[in-house]
Amino acid sequence: MWHRIREIVRKEFYQALREPRMRLLLVLPPVIQLIVFGYAVNLDVENSRVAWMDQDHTPASRELRAAFQGSRYFQITNTLTQESEGRQLLDQGKVQAMVRVLPGFSRDILGGQTAAVEILVEGSNSNTAAIVSSYATQVVSAYANQVLARQQAIRLVGASTSAGIPISLRLPSLTVNSRVWFNPSLRSRNYFVPGVVVNIIALITIMLTAMSIVREKEIGTMEQLMVTPIRPVELVLGKVLPFALVGLLEVILVTAAALLVFRIPFRGSGFLLLGCSILFLLTTLGAGLFISTISQTQQQAMMASFLFFMPAFMLSGFTFPIHNMPVAVQYLTYANPLRYFVEIVRGIFLKGIGISILWPQMLTLTAIGLAVLGSSSLRFRKRLE
Amino acid sequence: MAASHEANQWAVEIEDLVKRFGDFVAVDHVSLKVRRGEIFGFLGPNGAGKSTAIRILCGLLAPSGGRAIVGGFNVATEPEAVKKNIGYMSQKFSLYDDLKVEENIDFFSGVYGVPPEQRAKRKEFVLDMADLQERRDSMTRLLAGGWKQRLALGCAILHEPPILFLDEPTSGVDPIARRGFWDLIYQLSESGHTVFVSTHYMDEAEYCHRLALMYRGRIIALGEPSTLKKNLRSHSLMYLDSSDPLESMKALEGKKGILGVAVFGAGLHVSVQDPASTRRQIQDLLGQRGIHIRRLEMISPSMEDVFVAMIEEEERKAS
Ligand SMILES: Nc1ncnc2c1ncn2[C@@H]1O[C@H](COP(=O)(O)OP(=O)(O)O)[C@@H](O)[C@H]1O
Ligand SMILES: [Mg+2]
């Protein structure tokens, strides 16, 4: 069994590497996507217009305002006294966000409590909205940290004079905020480039698998293979293994480009990323196999691959945040393997999380993968007979 | 013991084979037997159902009815055993264009499970047979048609199957290459292979030991080429060379005593029941229309004439 699979795998590699079109297909999509999402798509928000409403009127609230003013992401264009004015400005698109410092802000932050700041973001562009709100939160928590650091210094002085008070006394929960934000250097590139891994491996493995099988039908070699002792399962393995390897190779290349060219942080485990990629490949290879059973020509296979890939891409959370989608669509995304892999990849790159947190996604991917690959193999087999 | 010996005499046995695609009957109650070592020709115009029948015999398609035994195994129930005993060259060119000659051989050697110690020997055999020693390193796409065909045949017999199914192996190849290919078929037959070959070139029929003519899914003639020709002598064939072949054809078709008219080269082949009386009739019919007869003579029928006559008879029966 394995020697026949090896023969098919070897042949696929010869063919894929010799065919100029195939070579182009291996190289072009990753390069284009990296350029688009690494350089061209810049959702970084600079100088967003902000309406400011201060209900605390303390030195602390004025300091926060100065922090916003000083940040390159925001400029305060309006100062308000009424909340309704702010909503109007937001509706008209004159400002992108409104920051309301609630009464008691100064007391809370100096007392080490969670700061009471309300941020309203204009949400028509969900991406920008997410980013603006993340930046604003970032500024607030940076300021809070600054306050804490200052207080701690005061306490250190105090501790040395009136010994007996524990230094770690009240390091409050505020510091946690900035760690939750997984993109602390605030670059949208960090958010997108890891996602390219998902797109590339999905697009390439679906398309290559489908096309390489359909090509055999087209040129008539499929029939020739069917009179050899090759069994359908061997044919399936021989066809998907090369593209699984290609997929993993693309993961490594895109990751390397992300780290070296785009300086994206990589906080997690490379092996975990490869392992999860294999789980994800179960689905995409299965999808490619399925497409090969419904296509008669390579052209059809390519079209079908795109038709399959596009909605999966839109509903993956790669560009459009899932929590902004209509509820019904949100449910739909649970069936989308890309969604889980996007979460995994971003988690590994940016948050450095491991199996202990990612296992639900990994389990779901495995389940979807086995279901898709299994049923496609059955259908493929049926079609051959 | 005796029974199994008798079974062994036949490489292929088909009984009442039927294949339907929906309402369409592509193979219509076909029965025939092929002896071991025989070159069996399967003739018929395009769409007759030849490929469909061959694909059933190779275990690629399930029959809708009837029974087919190949190499002693039932194609419907033991397709895997059938596949071990056959080599198949499909109607489409069936090699990898983007692999080198040698890589194609190595690949098929591998998937057919040729024992590793025999692979080198089998490869040389195929390269010699296909006359491709000097081009073993060429891209298959760059080979001329005749060479490709020989290579495809070589790749189909790497595992030394006793029975070969060749589906229109010579279509689209020049006449010289076709001749060369038939030489190969003879060699294979002499070394004991059974060759089941389909073609729509009527002249190739003469090369076969026995043949079947398939038309619209049915076998309308079966036997040795010489026997089939002899049967046709019950009606005779005349060659007519006239000043206007097309007008002549219109004038003669469907007239009493004239069984069929077919264009042949620059003239016409006219099959008639009774040459003596019909000769006068033809002269009269053409004379009335002012067509000048240059030559009108009895000829001995070629295989093509046999088939044209039989197909015309089928059509007459149908209408
Ligand atoms: N898979 C199929 N589905 C439907 N019709 C088919 C199929 N394969 C062949 N046919 C039809 O069966 C008839 C016989 O085809 P084929 O066996 O290829 O003829 P031949 O090889 O003699 O030219 C044709 O009319 C063809 O259209
Ligand atoms: Mg055919």
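The rules we used
Residues numbered from 1 in each chain as written. Chains lettered and ligands numbered in written order. Predicted model: local features only at pLDDT ≥ 70, side-chain atom pairs only at ≥ 80, totals over all residues. Heavy atoms only, no water. Donors = N, O, S within 2.8 Å, 3.2 Å for Na, K, Ca; no water. Helix = DSSP H or I, 4+ residues; strand = E, 2+ residues; numbered from the N terminus. Salt bridge = Lys/Arg side-chain N within 4 Å of Asp/Glu carboxyl O. Buried < 20%, exposed > 50% of the residue type's maximum accessible area, 1.4 Å probe, protein only. Domains from an automatic or database assignment. Pairing = 2+ DSSP bridges. Right-handed = clockwise from strand over helix to strand, strands pointing away. Disulfide = S-S within 2.5 Å.

Peer 1: I keep staring at the coordination of the magnesium ion (ligand 2) and nothing clicks. Help me out?
Peer 2: Each angle at a metal carrying four tetrahedral donors should ideally be 109.5 degrees, and each at a metal carrying six octahedral donors should ideally be 90 or 180 degrees. Around the magnesium ion (ligand 2), the protein contributes the donor atoms B:S51 (OG) and B:Q91 (OE1), which lie 2.0 to 2.3 Å from the metal centre. Placement of the pair is B:S51 in helix α2 (residues 50–57) and B:Q91 in the loop between β6 (86–89) and α4 (101–111), with a sequence separation of 40 residues.

Peer 1: Can you walk me through the pattern of salt bridges in this structure?
Peer 2: Residue and element names in this part refer to chain B. Under the criterion given, the structure shown has 30 salt bridges over all chains. Between E15 and R67 there is a salt bridge; the shortest N-O distance is 3.4 Å. Of this pair, E15 sits in strand β1 (residues 10–21) while R67 is found in strand β4 (residues 65–70), placing the two residues 52 residues apart along the sequence. The shortest N-O distance in the salt bridge between R178 and E204 comes to 3.0 Å. Of this pair, R178 sits in helix α7 (residues 175–190) while E204 sits in the loop between β8 (194–199) and β9 (210–215); the two residues are 26 residues apart in sequence, bridging distant segments of the chain. Under the relative-accessibility criterion, E204 is labelled buried at 1%.

Peer 1: What is the right way to read the domain arrangement of chain A from this model?
Peer 2: Accessible area lost upon the coming together of the parts serves often as the stated size of an interface. Once the domains are mapped, chain A shows domain 1 (2–41 + 193–384) and domain 2 (48–163). For domain 1 of chain A and domain 2 of chain A, the distance between their C-alpha centres works out to 44 Å.

Peer 1: What is the right way to look at the pairing of β8(B) in this model?
Peer 2: Each regular strand displays side chains that alternate between the two surfaces of the sheet. All names here are of chain B. Most of β8 sits out of view: 6 of its 6 residues are buried. Burial along β8 is two-sided: T194, F196 and S198 and V195, V197 and T199, pointing in opposite directions, are all buried. Pairing between strand β3 (residues 39–43) and β8: 5 bridges, direction parallel. Within β8, the position partnered with L43 by the bridge is T199. Relative to β8, strand β7 (residues 163–167) runs parallel, the two being bridged by 5 bridges. In the sheet register, D167 faces β8, and the bridge partner there is S198. Crossover β7 to β8 through α7 is right-handed.

Peer 1: Before we go on, may I ask you to explain the state of the cysteines in this structure?
Peer 2: In protein structure, a disulfide is the covalent linkage between the sulfur atoms of two cysteines. All names here are of chain B. The tally for this structure, following the rule as stated, stands at 0 disulfides over all chains. Lacking any disulfide linkage, C208 is separated from the closest cysteine sulfur, that of C58, by 17 Å. On the basis of relative accessibility, which here comes to 5%, the residue C208 falls in the buried class.

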